[in-house]
Amino acid sequence: MKKVLREILSTSLYLLIVLCLTYVVIHFVGQRTQVVGQSMENTLSNDDNLIVDKLTYRFRDPKRFDIVVFPFQYEKDTYYIKRIIGMPGETVYIDEQGTIYINEEKLEESYGKETIEDAGRAYEPITLGEDEYFVMGDNRNKSSDSRDPVVGNISRSDIIGRAWIRIWPLNKFGILKHQ
């Protein structure tokens, strides 16, 4: 009887430790998320499964072109995944030809899938606050992003983490390119 009780206690303690470690990893280190929609094509596709790195931004600030995950403010349990284009304190503007300017200098980048057709609220210069980021999907004409007033600028505190590894589909498995 004593041996059985000891086994039950040992197994219970083991399960408690596993559950606690799982909680810590999910809430502080990383979590799985699934891409829904086309807004990040060609970089990410609908139904891609990713691991989001929640630890890096505890030690450094996000960088331009990082792919970040943040909650959509008007729908519970809905998260957006976009690329950082504008950094805190910068001014973002998109001209009629779809060219992105940061502080009046053309942004040199190759992530956009096609020419931007709608500058949205960036048709006029947008100056970001000291903790705000301007984000866009790579599929610029099929993305609801900072150009849309519903999404707007993203606060640093709203960024959950950065997309780190694509785990599904297996033929695309690997670490994601940010810079």
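Residues numbered from 1 in each chain as written. Predicted model: local features only at pLDDT ≥ 70, side-chain atom pairs only at ≥ 80, totals over all residues. Heavy atoms only, no water.

S.K.: Is there a simple way to think about the pattern of salt bridges in this case?
M.R.: A side chain with one charge can pair with a side chain of the opposite charge if their charged atoms come near. A full pass over the atoms with the stated rule returns 8 salt bridges. Of the charged contacts in the structure, one is a salt bridge between Arg 140 and Glu 109, with a shortest N-O distance of 3.1 Å. Of the two residues, Arg 140 sits in the loop between strand 9 (132-136) and strand 10 (154-155) while Glu 109 sits in the loop between strand 7 (105-106) and strand 8 (126-127), which places them 31 residues apart along the sequence. What makes Arg 140 buried here is its relative accessible area of 2%. Of the charged contacts in the structure, one is a salt bridge between Arg 147 and Asp 145, with a shortest N-O distance of 2.8 Å. Residue classification places Arg 147 among the buried residues on the basis of a relative accessible area of 6%. The exposure class assigned to Asp 145 is buried, which follows from its relative accessible area of 1%. (Salt bridge = Lys/Arg side-chain N within 4 Å of Asp/Glu carboxyl O. Helix = DSSP H or I, 4+ residues; strand = E, 2+ residues; numbered from the N terminus. Buried < 20%, exposed > 50% of the residue type's maximum accessible area, 1.4 Å probe, protein only.)

S.K.: Would you mind going over the environment of Ile 116 with me for this structure?
M.R.: With respect to the element layout, Ile 116 can be found in the loop between strand 7 and strand 8. The exposure class of Ile 116 is buried, given its relative accessible area of 5%. Between the C-alpha atoms of Ile 116 and Asn 139, which are 23 residues apart in sequence, the distance is 9.0 Å.

S.K.: Sorry, what's going on with the packing of aromatic side chains here?
M.R.: Any aromatic ring pair is given by two values, namely how distant the centres are and how the planes are angled relative to each other. Evaluation of the coordinates by the stated rule reveals 3 aromatic pairs. Their ring planes at 10 degrees and their centres at 4.8 Å tell us that Phe 72 and Tyr 80 sit as a pair that is stacked. Accessibility expressed as a relative area gives 14% for Phe 72, which makes it buried. Taking relative accessible area as the criterion, Tyr 80 reaches 18% and is therefore assigned buried. Geometrically, the ring pair formed by Tyr 93 and Tyr 101 is tilted, given 6.1 Å between the ring centres and 35 degrees between the ring planes. Looking at Tyr 101, the relative accessible area reads 23%, which means it is partly exposed. Clustering of aromatic rings is evident, with ring pairs tying together Phe 70, Phe 72 and Tyr 80. (Phe/Tyr/Trp six-rings, centres within 6.5 Å; stacked < 30°, edge-to-face > 60°.)

S.K.: Explain a nonpolar patch on the surface here, please?
M.R.: On the surface, Leu 13, Leu 16 and Ile 17 cluster together into a nonpolar patch covering about 290 Å² of accessible area. Following the sequence through the fold, Ile 17 ends up in helix 1 (residues 2-29). The exposure class assigned to Ile 17 is partly exposed, which follows from its relative accessible area of 46%. (Patch = residues over 30% accessible without salt bridge, like charges linked within 9 Å, V, L, I, M, F, W, Y side chains within 5 Å. Areas by Shrake-Rupley, 256 points an atom, 1.4 Å probe, with all protein chains shown as cover.)

S.K.: Whenever I open this one, the sheet that holds strand 7 confuses me. Can you help?
M.R.: In a beta sheet, neighbouring strands pair by backbone hydrogen bonds and run either parallel or antiparallel. With respect to topology, 4 strands assemble into an open sheet ordered 7-6-5-8, the strand pairing being antiparallel. Pairing within the sheet leaves two strands with one partner each, and these edge strands are strand 7 and strand 8. As paired elements, strand 5 (residues 91-94) and strand 8 share 2 bridges and run antiparallel to each other. Paired with Thr 91 across the bridge in strand 8 is Thr 127. (Pairing = 2+ DSSP bridges.)

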